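# Descriptive structure summary
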Amino acid sequence: MPNTLDIVNLRKVFGARGRAGGVVAVNDVSFSIARGEVLGLVGESGSGKSTIARLIARLHTPTAGEILLNGQPVPRRLGGRALKRLRKNVQMIFQDPYASLNPVHPVAYTLKRPLQIHGLARGGTQAEVDSLLERVGLSPASTYAGKRSFELSGGQRQRVGIARALAARPELILADEPTSALDVSIRLDVMNLMLDLRDQEGLSMLFITHDLAGARYMSDRVAVLYAGTLVELGPAVEVIDRPQHPYTQLLKSAAPKPDAGLVPETIEARGEVPDLTTLPPGCPFEPRCPHAMPECRDGLPKMYDVGHGHTARCILHDPAIRARNQGLVTV
Ligand code: SF4
Ligand code: MG
């Protein structure tokens, strides 16, 4: 069975029409999401996480690289019908449920629109709306169908946002920081809802977050992005409990300790987020890396296999560098 999503050497350069001088927001990123898998995409603000989601949903056009859905390449030029089909199969859930719902419309209208647009639930629209509300825990549906977004709590709004995404019967959900605008106390409820829906509906999910604890809780595998570059990829437990890239290690050391709360609010790492217009040659993390060596500037390191399906883009895993270090530097 093909993966739900493959992205291959995906690249997005903003400005300068892709020529030198533009900002490389996404730098040759490759990863896959299997059917029913949750892939966590972790990084600081400005690391390119949202841009990747917007490229997959074709809200941006890639500069280079390929996106495949169910093994089929998504053409660079997408006509109206093909774009509509893509937008049905790939649904987004946004960070801010306050901004993503129109306060004028009652919840039922918000959920009917995608059903109408995609020609789903003809005649049975009301039953489908009720079912959507029940599936996201807004029960009984009659209590919520007539409400407007300002009459709902933040958690209830995000449940409506999730129901709206489900309405189109997508195969892939792109959830862009879906819990970071919510109170800590209800984040776990929303994450559990998303995991239940994955199990019940067989959805695949890209879960974008800057919260390592949330990524570990939600994800089967985790991809770590730094300055538009994929730096680490592997099973969630491996990447987060035993990070093999100095950047992921920095993120982890900057995160609140687990006993400070189940889901910490923020894990912004120490140091400056890089200016994407003046990235150094070679490893993008070199200016902040405690282990930087002259060789780190020689070229972008490859992804080194560190075992257990886990890869890290750092030359400390190069056998020759390891031998030279003789165990003095460990990652
Ligand atoms: Fe640090 Fe060099 Fe590894 Fe980059 S390649 S993370 S600069 S040690
Ligand atoms: Mg973002």
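Per an unreviewed UniProt entry, the protein carries the name Dipeptide/oligopeptide/nickel ABC transporter ATP-binding protein and comes from Deinococcus aerolatus.

Helix and strand counts for the protein stand at twelve helices and twelve strands. Against the globule reference of 20 Å for 331 residues, the protein gives a C-alpha radius of gyration of 21 Å, in line with a compact fold. Taking the principal axes of its C-alpha atoms as reference, the protein extends roughly 70 × 50 × 35 Å. For the protein, buried positions account for 50% of its 331 residues. Nonlocal contacts in the protein, meaning residues at least 24 apart in sequence, comprise 65% of its contacts between residues at least 6 apart.

It is worth spelling out the packing of aromatic side chains at this point. By the definition in use, this model includes three aromatic pairs. With 5.3 Å between their ring centres and 65° between their planes, Y247 and F285 make a pair best called edge-to-face. Taken as a pair, Y247 in helix α11 (residues 246–254) and F285 in the loop between α11 and β11 (304–305) lie far apart in primary sequence, 38 residues in all. As far as burial versus exposure is concerned, Y247 and F285 are alike and both buried. Linked through ring pairs, Y226, Y247 and F285 together constitute an aromatic cluster. Here the guanidinium or amino end of K147 rests over the ring plane of Y144, the centre of that ring lying 5.6 Å away.

Moving on, we get to the pairing of strand β7 (residues 172–176). Most of β7 sits out of view: five of its five residues are buried. On β7, burial covers both faces: L172, L174 and D176 on one face and I173 and A175 on the other are all buried. Note that strand β6 (residues 90–93) and β7 share four bridges and pair parallel. Among the inter-strand pairings, Q91 is bridged to a residue of β7, identified as I173. Note: β7 against strand β8 (residues 204–209), five bridges, orientation parallel. The residue of β8 that forms the bridge with A175 is F207. Crossover connection from β7 via helix α8 (residues 184–201) to parallel β8: handedness right-handed.

Applying the stated criterion across every chain yields a total of 13 salt bridges. A salt bridge links R221 to E37, with the shortest nitrogen-to-oxygen separation between them at 2.6 Å. Taken together, the residues R221 in strand β9 (residues 221–226) and E37 in the loop between β2 (23–33) and β3 (38–42) connect sequence positions 184 residues apart. Among the residues examined, R221 registers a relative accessible area of 22% and is labelled partly exposed. By relative accessible area, which is 11% here, E37 ends up buried. With a closest N to O distance of 3.7 Å, E177 and K49 form a salt bridge. A residue pair is termed long-range when its members are at least 10 positions apart, and E177 in the loop between β7 and α8 and K49 in helix α1 (residues 49–56) qualify at 128 residues. Here the residues in one salt-bridge network are R198, D199 and D220, joined through shared partners.

Within the structure, ligand 1 sits among H245, P246, C283, E286, C289, H291, C296, P301, C314, I315 and L316. Judged by its atoms lying within 2 Å of the grid points, ligand 1 is housed in the largest cavity. Per-class residue counts for the shell around ligand 1 are eight nonpolar, two polar and one charged.

Bringing empty space enclosed by the protein into the picture now. Empty space among the atoms can be located by rolling a probe the size of a water molecule over them. The final tally for this structure, using the stated rule, is five cavities of 30 Å³ or more. For the largest cavity, the calculated volume is near 100 Å³. Forming the boundary of the largest cavity are 15 residues, of which C283, C289, C296, C314 and I315 lie nearest the centre. Across the lining of the largest cavity, the residue classes tally to eleven nonpolar, two polar and two charged.

How each quantity is defined
Residues numbered from 1 in each chain as written. Chains lettered and ligands numbered in written order. Predicted model: local features only at pLDDT ≥ 70, side-chain atom pairs only at ≥ 80, totals over all residues. Heavy atoms only, no water. Helix = DSSP H or I, 4+ residues; strand = E, 2+ residues; numbered from the N terminus. Rg over C-alpha atoms; globule rule 2.2 N^0.38 Å. Buried < 20%, exposed > 50% of the residue type's maximum accessible area, 1.4 Å probe, protein only. Contact = heavy atoms within 4.5 Å. Phe/Tyr/Trp six-rings, centres within 6.5 Å; stacked < 30°, edge-to-face > 60°. Lys NZ or Arg CZ within 6 Å of the ring centre and 35° of its normal. Pairing = 2+ DSSP bridges. Right-handed = clockwise from strand over helix to strand, strands pointing away. Salt bridge = Lys/Arg side-chain N within 4 Å of Asp/Glu carboxyl O. Near = heavy atom within 4 Å. 1 Å grid on protein atoms, 1.4 Å probe; cavity = no way out; pocket = protein on both sides within 12 Å on 5 of 7 lines; lining within 4 Å. Sits in = over half its atoms within 2 Å of the grid points. Nonpolar A, V, L, I, M, F, W, Y, C, P; charged D, E, K, R; others polar. Points joined across faces, edges and corners; volume = space filled by probe spheres on them.

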